[in-house]
Structure formats: structure tokens, C-alpha cells
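# Structural description and commentary
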Amino acid sequence: MSMRPNARVLRDIAKRHTVHSNELLRTAYKYIARNTTLPSRVRYMAQLELNNFPAKSRPAFVKDRCIETSRGRGVFTEFGLCRYQFRRKAVHHEIPGVEKASW
């Protein structure tokens with residue numbers, strides 16, 4: 001059963017693509033802007049270039065989403081699953097090395 005991704009997922013995919021395509025250039029400008037050994041004019045120009053990047057190219061704008069349900073809250077980053085899907089898979093032994101605790 002394949003479901004069509006909703007608008008939030010498509011927006012998130014577009015943001016991830018934008019971040020990835022601008023990552024190298026952003027990092028270079030960021031390094032130049034923060035390097036105190038360089039002349040202030042060069043640092044200022046690098047900061048202006050950083051400001052010209054689209055807002056969606058910032059890594060902080062990318063939100064983790066569950067790979068199963070596309071839920072945006074309660075996502076375990078290491079597994080890419082929301083808390084409900086993580087629990088379901090842990091109970092059914094579908095995640096290696098993780099099992100439901102009982103004491």
C-alpha cells in the first residue's frame with residue numbers, strides 16, 4: 001500500500017535538497033565571516049553573501065520526520081521513527097538490539 005506524501009513531507013524534502021545544495025558554499029562563507037585573522041572588509045563581504053542565501057537553506061529549518069508516518073513530533077533521530085512506531089517495532093523485534101523493558 002503506497003501512500004502519496006503529504007504537503008509537509010514534500011516541503012521538508014525540498015528544504016533538505018536546498019540545504020544540501022548550498023551546504024559547501026554556506027560553510028565556506030561562514031568560515032570566512034568568523035575568521036578573526038582575516039581583514040574586516042573580507043569578513044563583512046562574506047557575511048553579506050551569507051545573508052543573501054535563502055532562509056530555507058539553513059540547516060536549522062530542516063525538521064526530523066518519522067520515516068513510516070511522516071509525523072513531525074516525538075521522533076527519535078537515531079532511528080528516524082516517531083515514538084509510537086518505535087515502540088511497535090521494538091515490541092515486534094524489528095529493531096536489532098532493542099527490546100521492550102520489563103522488570
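This text follows the structure it describes.
Presented here is an overview of the structure given in this document. Model, not experiment: these values are computed from the prediction. (Residues numbered from 1 in each chain as written. Predicted model: local features only at pLDDT ≥ 70, side-chain atom pairs only at ≥ 80, totals over all residues. Heavy atoms only, no water.)

## Side note on the overall build of the protein
The number of helices and strands found in the protein is three helices and two strands. Overall, the protein shows an N-to-C arrangement of helices and strands of α-α-β-β-α. Compactness check: the protein gives a C-alpha radius of gyration of 20 Å against a globular reference of 13 Å for 103 residues, more than 25% above the reference. Taken along the three principal axes of its C-alpha coordinates, the protein extends 60 × 35 × 20 Å. Every one of the 103 residues in the protein was classed for burial, and the buried ones make up 23%. Here the analysis covers contacts within the protein between residues at least 6 apart in sequence; of these, 32% occur between residues at least 24 apart. Computing the positive centroid from 21 side-chain charges and the negative centroid from 8, the protein places the two 10 Å apart. (Helix = DSSP H or I, 4+ residues; strand = E, 2+ residues; numbered from the N terminus. Rg over C-alpha atoms; globule rule 2.2 N^0.38 Å. Buried < 20%, exposed > 50% of the residue type's maximum accessible area, 1.4 Å probe, protein only. Contact = heavy atoms within 4.5 Å. Lys, Arg positive; Asp, Glu negative; His and termini not counted. Charge placed at Lys NZ, Arg CZ, Asp CG, Glu CD.)

## Regarding unusual backbone geometry
The residue Ser70 is not glycine, and still its phi comes out positive at about 70°. Position of Ser70 among the secondary structure elements: in the loop between helix H2 (40-52) and strand E1 (75-76). On the accessibility criterion, Ser70 (24% relative accessible area) is partly exposed. At His93, a position not held by glycine, the phi torsion is positive, near 60°. With respect to the helices and strands, His93 occurs in the segment after helix H3 (83-91).

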